[in-house]
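Report on the structure
Here's the letter readout for the chains.
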Amino acid sequence: MNDLDKAQKAMDKCKYKIITNADHTFIMSIMFGMKFEWREDIYRAATDGVTIFIEPKKWLLCDNQFRTFILLHETYHVVFK
């Protein structure tokens, strides 16, 4: 399994964690309307309001709790413009 496959598997686990947490219902509805893209030219994560960009190597260095935080954090940038 290559790094992108590992990163995607870790992403899927985070999305599942968010879906199954009733506290994240609002933010989940925003997040799952967004696109996700792996990019190596950013530090860790960013958003343009439509897409969440994530650097796959740094993503894999984070634990699952921090990965979930990153997804929520980037989505809140969109919510609060």
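This text gives an overview of the structure that appears in the document.

About the criteria used
Residues numbered from 1 in each chain as written. Predicted model: local features only at pLDDT ≥ 70, side-chain atom pairs only at ≥ 80, totals over all residues. Heavy atoms only, no water. Salt bridge = Lys/Arg side-chain N within 4 Å of Asp/Glu carboxyl O. Buried < 20%, exposed > 50% of the residue type's maximum accessible area, 1.4 Å probe, protein only.

**Section: the pattern of salt bridges**
Applying the stated rule across the entire model yields two salt bridges. One salt bridge connects Glu37 with Arg39, and the closest N-O pair in it is separated by 3.9 Å. By relative accessible area, which is 35% here, Glu37 ends up partly exposed. Residue Arg39 is classed as partly exposed on the basis of its relative accessible area of 26%. Of the charged contacts, one joins Arg39 and Asp41 as a salt bridge, the two residues approaching to 2.8 Å between their closest N and O atoms. Judged by relative accessible area, which is 56%, Asp41 ranks as exposed. Among the charged side chains, a salt-bridge network with shared partners connects Glu37, Arg39 and Asp41.

Honestly, it's all geometry; don't read function into it.
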